[in-house]
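# Structural features, examined
Single-letter residue listing:
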Amino acid sequence: MTTKLPVLVTGGAGYIGSHAVLALQDAGWPVAVIDNLVTGFRWAVPEGVPFYQGDIEDGDLLARIFAEQGIRAVMHFAGSVVVPESVSDPLKYYHNNTAKTRALIAAAVAAGVPHFIFSSTAATYGIPEVSPVTEDTPQRPINPYGMSKLMTEFMLRDTAAAHPMNFCALRYFNVAGADPQGRTGQSTAGATHLIKVAGEAALGKRAGVEVFGTDFDTPDGTGVRDYIHVSDLANAHVLALEHLIAHPADSLTMNCGYGQGYSVLEVLDAVDRVTNNKIVRTLSPRRAGDPDSLISDNRRIKATLPWVPKFADLDLIVRHALSWERKLGEIRGE
Ligand SMILES: NC(=O)c1ccc[n+]([C@@H]2O[C@H](COP(=O)([O-])OP(=O)(O)OC[C@H]3O[C@@H](n4cnc5c(N)ncnc54)[C@H](O)[C@@H]3O)[C@@H](O)[C@H]2O)c1
Ligand SMILES: O=c1ccn([C@@H]2O[C@H](COP(=O)(O)OP(=O)(O)O[C@H]3O[C@H](CO)[C@H](O)[C@H](O)[C@H]3O)[C@@H](O)[C@H]2O)c(=O)[nH]1
């Protein structure tokens with residue numbers, strides 16, 4: 001049994017971070033959160049979890065949290081996540097994602113925190129020439145968001161070589177769904193992710209869904225992605241932490257996906273199936289920079305961690321996303 005060490009979750013009031021807090025708590029790990037609430041919600045952090053409202057670049061605050069909570073591991077989710085915004089305002093991304101993560105890593109090193117887990121992304125691969133994508137596929141990001149994350153991967157690699165810290169970089173594919181118990185979910189207003197948008201449309205919060213591109217090199221012409229349930233992803237973080245603790249000399253970089261692709265039309269069909277209704281689909285031109293298909297090769301994570309996904313089913317992902325969308329309407333009084 002792994003000794004359960006206190007974990008600091010950055011961005012723990014956000015979509016994926018709040019699921020990681022629940023996964024840690026459910027598995028009995030002491031956990032604390034730092035979040036500046038730019039896109040996160042205070043209510044998304046469970047009662048009883050020490051919450052520090054602040055910025056990951058605030059070294060004094062971090063030193064205090066590390067000492068007060070006896071932190072031995074950082075799970076780092078805090079960041080800016082909107083790809084088109086990273087194209088129009090690249091320096092925001094190099095600041096919030098890269099420079100501030102440098103400050104966070106420095107604070108962790110200064111406090112002697114031995115383990116660090118980082119939210120990386122399939123966006124670091126850009127438009128890969130192979131499918132499925134292995135971790136050794138060349139990383140050629142096509143936007144500042146992906147580049148800001150790749151730079152963090154390099155910082156972690158070099159820091160772990162020079163200091164007593166090991167790290168795990170998890171490259172997420174398309175994260176979707178919500179906590180099966182309905183405790184948290186994707187709550188950002190104006191979100192652009194397909195399953196979130198389709199859920200809003202199904203509940204009448206939007207007129208319909210635009211299908212961005214019908215001439216991709218895929219079976220039905222629409223973009224294919226590897227959708228992973230956020231709770232399976234959160235559990236992968238807990239298992240990765242156990243691995244880092246058990247193997248202090250090892251660092252890891254792993255894709256997080258199911259290795260199974262669905263087209264935009266297949267996702268919309270799933271939403272229609274689950275709601276027994278039809279959302280309005282508008283066929284639109286491609287969005288700039290969208291690859292045809294992005295599917296993970298997940299052999300490494302499966303070989304390294306005892307990770308057995310529980311929710312690898314598109315209809316289940318959609319069902320959980322819709323349940324949360326309804327609850328969010330109640331929370332917001334919509
Ligand atoms: N959602 C996806 O499909 C996806 C895919 C790949 C990688 N990721 C990565 O996962 C992480 C979490 O993404 P998410 O979808 O939960 O986004 P999110 O916006 O819901 O969560 C980010 C959280 O970080 C906080 N935050 C941002 N900057 C901060 C700062 N400087 N200091 C303190 N707190 C700060 C926000 O308030 C928010 O609560 C991000 O690093 C993102 O790049 C997400
Ligand atoms: O309203 C919409 C929204 C999306 N799509 C399509 O649906 C697919 C998925 O799009 P998302 O916007 O949901 O996700 P992306 O694949 O563009 O990108 C997401 O996954 C990437 C990794 O794969 C990065 O992590 C990135 O941050 C994250 O937004 C794409 O083919 C897109 O063109 C539509 O047709 N209509």
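Structural data are supplied above this passage.
Bear in mind the structure is a predicted one, so any value in this text is a computation, not a measurement.

### Here we look at the packing of aromatic side chains
Within the structure shown, the criterion is met by five aromatic pairs. Summarising the aromatic geometry, the rings of phenylalanine 41 and tryptophan 43 are spaced 5.1 Å apart at their centres and angled 25° between planes, so their arrangement reads as stacked. Residue phenylalanine 41 is classed as partly exposed on the basis of its relative accessible area of 24%. Residue tryptophan 43 is classed as partly exposed on the basis of its relative accessible area, which comes to 38%. Where tryptophan 43 meets tryptophan 324, the ring centres are 6.1 Å apart and the plane angle is 35°; that geometry is what we call tilted. Remark: tryptophan 324 occurs in helix H10 (residues 314-331) and tryptophan 43 occurs in the loop between strand E2 (31-35) and strand E3 (51-53); sequence separation between them is 281 residues.

### Some thoughts on H10
Over its 18 residues, H10 runs 26 Å from end to end, which matches the ideal 26 Å to within 8%, given 1.5 Å per residue. By the burial criterion, the buried members of H10 are Leu314, Asp315, Ile317, Val318, His320, Ala321, Leu322, Trp324, Glu325, Leu328 and Gly329. Buried residues belonging to H10 abut strand E7 (174-176), helix H6 (194-202), strand E10 (227-229), strand E12 (262-263) and helix H8 (264-275). Where H10 begins, the side chain of aspartate 313 points an oxygen toward the backbone nitrogen of aspartate 315, at a separation of 3.0 Å. Positive backbone phi, at 70°, marks glycine 333, one or two positions downstream of H10.

### Quick word on helix H2 (residues 59-69)
Burial in H2 covers these residues: Leu61, Leu62, Ile65 and Phe66. Within H2, the buried residues cover an arc of 135° as seen down the axis, which keeps them to one side. Exposed residues pointing more than 90 degrees away from the buried face of H2 are listed as Asp60 and Ala67. Of the surrounding elements, those touching the buried residues of H2 are strand E1 (7-10), E2, E3, strand E4 (73-76) and helix H4 (90-110). Residue glycine 70 follows H2 closely and has a positive phi angle near 60°.

Cut-off values and rules
Residues numbered from 1 in each chain as written. Chains lettered and ligands numbered in written order. Predicted model: local features only at pLDDT ≥ 70, side-chain atom pairs only at ≥ 80, totals over all residues. Heavy atoms only, no water. Phe/Tyr/Trp six-rings, centres within 6.5 Å; stacked < 30°, edge-to-face > 60°. Buried < 20%, exposed > 50% of the residue type's maximum accessible area, 1.4 Å probe, protein only. Helix = DSSP H or I, 4+ residues; strand = E, 2+ residues; numbered from the N terminus. Expected span 1.5 Å × (residues − 1). Contact = heavy atoms within 4.5 Å. Polar contact = N/O pair within 3.5 Å; in protein donor to acceptor, adjacent residues only side chain to side chain. Arc of directions from axis to C-beta.

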